[in-house]
Amino acid sequence: QQVVHREKSLADVILSIAPGIRVLPAARVVKQLARLSGSEQRILLEALTQIGPPADVVLVDASLDHPLGFSPLGLAAHETVIVVSPRAETITDAYALIKKVSMGYSRKHFRVLVNKARTAGEARAIHDNLANVTGSRGLARLDYAGYVPVDERLRQAARLCQPVAALFPDSPAARAYQVVANDVLKWPTPDDDAGGLEHFMRQLLHLSHRIDPIAIYA
């Protein structure tokens, strides 16, 4: 938002949190994308073209904390990963989100990542149950994206605001993240993919005008 208002440059607001990993805090401006003027949109796009070096992977946290109940970030991405834990309420919420986006925006493919699983079998069972329900009702196809086990070292790293892979590289959670990360790099990309963060933002600006609160809350 500060970049859009020309209060700061993009280089001033991007955070380098680990070697090769940069974070762009964008939650506030994402909530207002549909209300940006043409000149503000151009400022944002021009700023993104100046990011160097280019990003190989853009990972977005599509929070549900959006005025319309679902962030357009989740629609602009090539892949949508639903993170779910073994708790019944999170499984119910995951199903509701998949149904909402599938019916409102015809998104028919999701990946499921199970967090805080006690065993690999438990994680796989959670995915399979969700996949069976969504498939039988014609909502979407769910692929298994892996799991992260319950790990006290992960909790410690979170409290210290540090990546678990940096603090405890041999911990079960760190090893699980490495497996997931390697798999993500092998996921196929669309044949017509123009690529780049600027293309992603153009798609995001377009979608921000299409989000229909009636469809979202249905």
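Residues numbered from 1 in each chain as written. Predicted model: local features only at pLDDT ≥ 70, side-chain atom pairs only at ≥ 80, totals over all residues. Heavy atoms only, no water.

Novice: What's the story with helix α5 (residues 88–105) in this structure? I'm lost.
Specialist: Since one α-helical turn is 3.6 residues long, residues separated by three or four positions face the same way. When the terminal C-alpha atoms of α5 are compared, their 26 Å separation across 18 residues agrees well with the 26 Å that a helix rising 1.5 Å per residue should span. Among all positions of α5, only Thr90, Ala94, Tyr95, Leu97, Ile98, Val101, Ser102 and Tyr105 are buried. When α5 is viewed along its axis, its buried side chains cluster within an angular range of 160 degrees and face the same direction. Turned more than 90 degrees off the buried face of α5, the exposed positions are Ala88, Thr92, Asp93 and Met103. One or two steps after α5, the chain reaches serine 106, where phi turns positive at roughly 55 degrees. (Helix = DSSP H or I, 4+ residues; strand = E, 2+ residues; numbered from the N terminus. Expected span 1.5 Å × (residues − 1). Buried < 20%, exposed > 50% of the residue type's maximum accessible area, 1.4 Å probe, protein only. Arc of directions from axis to C-beta.)

Novice: Any chance you could explain the pattern of salt bridges here in plain terms?
Specialist: Pairing between side chains becomes possible if they bear opposite charge and their charged atoms approach one another. Following the criterion strictly, the structure yields six salt bridges and no others. Linking arginine 111 and glutamate 79 is a salt bridge whose minimum nitrogen-to-oxygen distance equals 2.9 Å. With arginine 111 in strand β4 (residues 109–117) and glutamate 79 in the loop between α4 (73–76) and β3 (81–84), this residue pair connects regions lying 32 residues apart in the sequence. Residue arginine 111 is classed as buried on the basis of its relative accessible area of 9%. Given a relative accessible area of 21%, glutamate 79 falls into the partly exposed group. In this structure, the salt-bridge partner of aspartate 143 is arginine 141, at a minimum N-O distance of 2.7 Å. (Salt bridge = Lys/Arg side-chain N within 4 Å of Asp/Glu carboxyl O.)

Novice: How should unusual backbone geometry be read in this particular structure?
Specialist: Note on backbone geometry: most residues besides glycine have negative phi, and most peptide bonds are trans. With a phi close to 60 degrees, arginine 6 is a non-glycine residue in the positive phi region. Relative to the helices and strands, arginine 6 resides in the segment before α1 (10–13). The residue lysine 116 is not glycine, and still its phi comes out positive at about 60 degrees. Positionally, lysine 116 belongs in strand β4. Taking the relative accessible area as the measure of exposure, lysine 116 reaches 46% and is therefore partly exposed.

Novice: Honestly, the pairing of β4 in this entry has me stumped. Any pointers?
Specialist: Taken residue by residue, a regular strand's side chains alternate between the two faces of the sheet. Here β3 pairs with β4 via four bridges, running parallel. Its bridge partner being in β4, valine 84 is matched across the sheet by valine 114. Considered for its hand, the β-α-β crossover made up of β3, α5 and β4 is right-handed. The pairing of β4 with strand β5 (residues 141–149) spans eight bridges and is parallel. Looking across to β5, one finds that phenylalanine 110 is bridged to leucine 142. (Pairing = 2+ DSSP bridges. Right-handed = clockwise from strand over helix to strand, strands pointing away.)

Novice: Please explain the pairing of strand β1 (residues 15–18) as it appears in this structure.
Specialist: Alignment of β1 against strand β2 (residues 21–23), held across three bridges, turns out to be antiparallel. Its bridge partner lying in β2, leucine 15 is registered against valine 23. The loop that links β1 with its antiparallel partner β2 comprises two residues; one of these, glycine 20, has a positive phi angle of about 80 degrees.

Novice: Would you explain the packing of aromatic side chains in this entry?
Specialist: Two numbers describe a pair of aromatic rings. These are the distance of the centres and the angle of the planes. A full pass over the atoms with the stated rule returns zero aromatic pairs. When the ring centre of tryptophan 187 is taken as origin, the NZ or CZ atom of arginine 111, which lies over that ring, is 4.1 Å away. (Phe/Tyr/Trp six-rings, centres within 6.5 Å; stacked < 30°, edge-to-face > 60°. Lys NZ or Arg CZ within 6 Å of the ring centre and 35° of its normal.)

Novice: For this particular structure, what's the right way to read the sheet that holds β5?
Specialist: Backbone hydrogen bonds hold the strands of a sheet together, and the pairing may be parallel or antiparallel. Strand order in this open sheet of three strands is β3-β4-β5, and the pairing throughout is parallel. Among the strands making up the open sheet, the edge pair consists of β3 and β5. Within this sheet the neighbouring strands show an average axis-to-axis angle of 25 degrees, counted without direction. On top of the sheet, α5 reaches β3, β4 and β5; it is set at about 160 degrees to β3, its chief contact. The strands that helix α9 (residues 172–184) touches are β4 and β5; relative to β5, the one it contacts most, it runs at about 150 degrees. (Axes fitted to C-alpha atoms, helices over the stretch in contact; angles between N-to-C directions. Contact = heavy atoms within 4.5 Å.)

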